[in-house]
Amino acid sequence: MLGVHVAGQAVAVRYLADSCIALRHAARPASRTSRHPRRTAEAGADGTVAAMPGQNGGALDVAWLVRRAAGGDRWAWERLVDQYARLIWAMTRDFKLGESDAADVPQATWLRLLEHIDRLEHPARLASWLAATARHECLRAAAARQQN
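As the structure is a prediction and not an experimental result, all values here were calculated from the model.

Cut-offs applied
- Residues numbered from 1 in each chain as written.
- Predicted model: local features only at pLDDT ≥ 70, side-chain atom pairs only at ≥ 80, totals over all residues.
- Heavy atoms only, no water.
- Phe/Tyr/Trp six-rings, centres within 6.5 Å; stacked < 30°, edge-to-face > 60°.
- Helix = DSSP H or I, 4+ residues; strand = E, 2+ residues; numbered from the N terminus.
- Buried < 20%, exposed > 50% of the residue type's maximum accessible area, 1.4 Å probe, protein only.
- Axes fitted to C-alpha atoms, helices over the stretch in contact; angles between N-to-C directions.
- Parallel < 35°, antiparallel > 145°, perpendicular 65-115°, else oblique.
- Left-handed = near helix turned anticlockwise from the far one by under 90°.
- Contact = heavy atoms within 4.5 Å.
- Nonpolar A, V, L, I, M, F, W, Y, C, P; charged D, E, K, R; others polar.
- Salt bridge = Lys/Arg side-chain N within 4 Å of Asp/Glu carboxyl O.

Undergrad: Just to check I follow, could you spell out the packing of aromatic side chains for this structure?
TA: For any pair of aromatic rings, the description consists of the separation of the ring centres together with the inter-plane angle of the planes. Applying the stated criterion to the full structure yields two aromatic pairs. Here the aromatic rings of Trp-64 and Trp-75 are separated by 6.4 Å at their centres, their planes lie at 70°, and the arrangement is edge-to-face. Here Trp-64 is found in helix α2 (residues 62-70), whereas its partner Trp-75 is found in helix α3 (residues 74-94), with eleven residues between them in sequence. As far as burial versus exposure is concerned, Trp-64 and Trp-75 are alike and both buried.

Undergrad: Sorry if this is basic, but what is going on with the packing of α3 against helix α4 (residues 99-116) here?
TA: Describing two packed helices takes the angle between their axes plus the distance from one axis to the other. Packing of α3 against α4 brings their axes to within 10 Å, and their N-to-C directions diverge by 135°. Considered as vectors, α3 and α4 are oriented oblique to each other. Considering only the axes of α3 and α4, their crossing is right-handed. Contacts between α3 and α4 involve Trp-77, Leu-80, Val-81, Tyr-84, Ala-85, Ile-88, Trp-89 and Thr-92 from the first element and Ala-102, Ala-103, Val-105, Pro-106, Thr-109, Trp-110, Leu-113 and Leu-114 from the second. For the contact of α3 with α4, the per-class residue count stands at 14 nonpolar, two polar and no charged.

Undergrad: Explain the pattern of salt bridges here, please?
TA: When the charged atoms of two side chains lie near each other, side chains of opposite charge can form a pair. For the structure shown, the criterion picks out seven salt bridges. Here Arg-74 ties to Glu-78 by a salt bridge, and the two come within 3.0 Å at their closest N and O atoms. Linking Arg-74 with Glu-78, this pair stays in helix α3, spanning four residues, or about one helical turn. Owing to a relative accessible area of 64%, Arg-74 belongs among the exposed residues under this scheme. Two residues, Arg-112 and Glu-115, come together in a salt bridge whose shortest N-O distance is 3.3 Å.

Given below as structure tokens:
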């Protein structure tokens, strides 16, 4: 996600897999409260939300997100998917796979992460782990295509 200002409003830009973008308001007005339990619990008496661990200029700490996702936190998992989906698609495009194989590689990569997320030795290096895994899945798909 990328934060930008459009017509004076803060807008979050999310790049989708088909090279399109989705826009939504980046922040709610301070008078509204979040229905998300973690965000509500972290809000102070004045309505401000304390920074999450490792948060620098809006970027969440990857290792913290990995640990939360490994513990079953759906919100953390969704942040990881938002942050790294483009990386996986980029790896897939580099291999010039067929349409069905190209669609299967990201799903297989996320499945591998789900299977191994609690055993990652270096959670802060998730980007390189995902890139390597996507590459292996692309090679597997290409080899399977040649056998058929």
